[in-house]
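Below are the chains, spelled out letter by letter.
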Amino acid sequence: MAKKLKKADVAIIGSGWAGGIIGAELSKKGYKVVALERGEDREVADFRGEKDELRYSQRYALMQDLSKDTMTSRATQDEEALPVRTNKNAILGTDKGGSGVHWNGVNFRYRPYDFEIRSKTVERYGESKIPKGMTIQDWGLTYDDLEPYYDKYEKTAGMSGEPNPIGPKRSDDYPNVPSLETPSIRLFKDASEKLGYHPYQLPTANVTEQYTNPDGETINACVYCAFCETYGCHFGAKADPIITVLKTAQKTGNYELRYNAYAHRILHQNGKATGVLYTDTLTGQEYEQPADVVVAAGFIFSNTRLMLLSKIGTPYNPKTREGIIGKNFTGHFSNINYLGARGFFEKKEFNTFMGAGALGATFDDFAADDLDHTDLDFLHGFEVQHQVSGLRPIENNFVPSGTPSWGKEFKDKSIHYANRHLYVNALTGTMPWDHNYMDLDPKYTDFRGDPLLRVTNKYTDQDKNLMRYAIDICTKIMKEMGADTVEPDKVEDDTEFNNSYTTGHFAGGVIMGDDPATSALNSYQQMWEMDNLFVAGASSFPHFGNYNPTETVGALAYRTADGIDRYLKEGGLLVQAEQTALS
Ligand SMILES: Cc1cc2nc3c(=O)[nH]c(=O)nc-3n(C[C@H](O)[C@H](O)[C@H](O)COP(=O)(O)OP(=O)(O)OC[C@H]3O[C@@H](n4cnc5c(N)ncnc54)[C@H](O)[C@@H]3O)c2cc1C
Ligand code: SF4
């Protein structure tokens, strides 16, 4: 029997960037906020002296325990989906701060094209350019609508960077100077410029100077320690929710963060959310947390599953193509979206073992729709980057292909090339398809006995053609950089989805738009059909742009916080539905 608790103004599921930003903004305004986090408490002090490669990179100490809760995965509807049980195949955040604690900190704004992708594609190329089954849609807001929130997020996170020479307009510069330029970054920039592209330093949340954000939280300067991704920052130099928004929220006295609180249903009655049902995983006690407003911010898999388990919205039916919840699953996958070319140098040496999560350079000449796609067999684009995150010695051992995988030759070449190889890669956009979706698994359950989420995802020619084009550009750059041996990655005709969820970049399931016929949420991430329920995070992205998602997650969360404040004062839908040509 669930114990009923005192009502809060707002109950938030999740304490990552999405939930943390909304919690901070609303508690600063005086609302009583209760946040439910399935994981444990974490502080910067927990990471001191913990640059332990076995513990964090190999045994994934900070990741979700997949033996208790995971997703099942398959490529097509004809297959039986199987549970993903090893962190080698799925690194998903848990604990205070979520994935924002062990991320790299690469931050980008999406392009204006992304938010109006369908209209702009039709306008430029005609309706026939969109292949059958590709379910792209406008997001229900424009880049200009989101710009002030991008700016706010950048200031909270102390972002460090320089203007993108061909980027969309910005109302202000990054609050901190760009990261350092290493010799390999300079080499990448010189080669890119020589080929006519417009490189600039990667925008980063590895903060370059000690900085105090507008909420009064101090972020230290990054020391380029190289143990960034999959690790917490013990220098307090990587902007994460723990040292920024959660700290701000907790200081207000209006925000209570409960740990080991696993939310399993959003409660609702007569079209309104009434609260959250959760289990304290330490005691097994079930609680009902009533609230005037409920926010699901548990990342896409959890958000989508909670909607399905709670019977909110219409589940997507891949046969009839009707329904919304679970629709437009997309992501960045390691064997199709994150590829490029590796170069081996005989005469040049670099320090490949130092770096920072988001140290590097990039260019956007092929991003989104900057390329004319008239004669191309794909839509959308890619950014090209040279990232210097620091190669951790156990994890990395690159030798030219053809080298034996053991023995004297392997050892000699490992030592010879340790500091003589570089990588340039592209990150491509992922378009949604009517055959890629999420639903509840009919067979496998979590530790409580609830159905696991099932993901069905198959690559298309669009994905392959786009990546092949991008690999050619990376190869050109690597040759220009002077590598003696250049090894481009390969996308074969039979390259298939490998049920691997290692990039942390996934989207869809509870998508936004301007029409309730094709979206679950309006542009405040407010449910069309339950106006006091907000679903925050990349679950609302109708497609995946070619950039890392978190800055857009953060900007949308700021907009949602403004929307919830308005809702608590005035009630009702914050946006009126527009019936579009799609409906
Ligand atoms: C290794 C790694 C590196 C990354 N690097 C980058 C990068 O460089 N740049 C970038 O833009 N993005 C990066 N990402 C992605 C980025 O971390 C995410 O986009 C971002 O953290 C998402 O924030 P969120 O708040 O939506 O979700 P999360 O950070 O996942 O937070 C969700 C929180 O909700 C909790 N939760 C979930 N379900 C429940 C439930 N049922 N009950 C209670 N609590 C629940 C989780 O425990 C978690 O703490 C990376 C991800 C990973 C894994
Ligand atoms: S590279 Fe910088 S931001 Fe990342 S963990 Fe090290 S000091 Fe922190």
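Residues numbered from 1 in each chain as written. Chains lettered and ligands numbered in written order. Predicted model: local features only at pLDDT ≥ 70, side-chain atom pairs only at ≥ 80, totals over all residues. Heavy atoms only, no water.

Lining the immediate surroundings of ligand 1 are 34 residues, of which Glu37, Ser99, Val106, Ser302 and Thr550 lie closest. Note that an oxygen atom of ligand 1 is positioned 3.3 Å from one of the backbone N or O atoms of Gly100. If you list the elements that add at least two residues to the shell around ligand 1, you get α1 (17-28), β10 (261-269) and α8 (299-309). In terms of residues, the shell around ligand 1 owes the most to one element, β10, which gives three residues. Here the residues of the shell around ligand 1 sort into 13 nonpolar, 17 polar and four charged. (Near = heavy atom within 4 Å. Polar contact = N/O pair within 3.5 Å; in protein donor to acceptor, adjacent residues only side chain to side chain. Helix = DSSP H or I, 4+ residues; strand = E, 2+ residues; numbered from the N terminus. Nonpolar A, V, L, I, M, F, W, Y, C, P; charged D, E, K, R; others polar.)

Here the focus is the nonpolar core. Grouped together as the largest cluster of nonpolar side chains are 145 residues, with contacts concentrated most on Ile266, Val295, Phe301, Met307, Tyr501, Met527 and Leu533. Element by element, the count of residues in this core is highest for helix α10 (residues 461-480), at eight residues. In contact with Val295, other than residues within four places in its own chain, are Val10, Ala11, Ile12, Ile13, Ile22, Phe534, Ala536 and Ile564. Within the second largest apolar cluster, nine residues are counted, among which are Met134, Ile136, Ala368 and Met431. (Core = buried A, V, L, I, M, F, W, Y, C linked by side-chain atoms within 4.5 Å. Buried < 20%, exposed > 50% of the residue type's maximum accessible area, 1.4 Å probe, protein only. Contact = heavy atoms within 4.5 Å.)

For the protein chain, per-residue confidence averages 96 on the pLDDT scale, and residues scoring 70 or more make up 99% of the total. Scored below 50 in pLDDT, residues 579-583 shows nine contacts in the model against residues more than four places distant or in partner chains. (pLDDT = per-residue confidence, 0-100.)

The environment of ligand 2 is made up of 15 residues, and the closest members are Cys222, Cys225, Cys228, Cys233 and Phe235. Broken down by class, the residue content of the shell around ligand 2 amounts to eleven nonpolar, two polar and two charged.

As a further point, take the pairing of strand β2 (residues 8-13). Judged by how many residues are buried, β2 sits mostly within the fold: five of six residues are covered. Taken together, the five bridges between β2 and strand β12 (residues 286-296) define a ladder with parallel strand orientation. Bridge pairing in β12 links Ile12 to Val295. Sheet topology places β2 next to strand β3 (residues 33-36); four bridges connect them, and they run parallel. Along β3, the bridge assignment pairs Ala11 with Val34. (Pairing = 2+ DSSP bridges.)

Another point: the environment of Gln289. Structurally, Gln289 can be placed in strand β12. Judged by its relative accessible area of 0%, Gln289 is buried. Distance from Gln289 to Val44, taken between C-alpha atoms, is 29 Å for residues 245 residues apart in sequence. Of the polar contacts made by the side chain of Gln289, one reaches the side chain of Arg258; its length is 2.8 Å.

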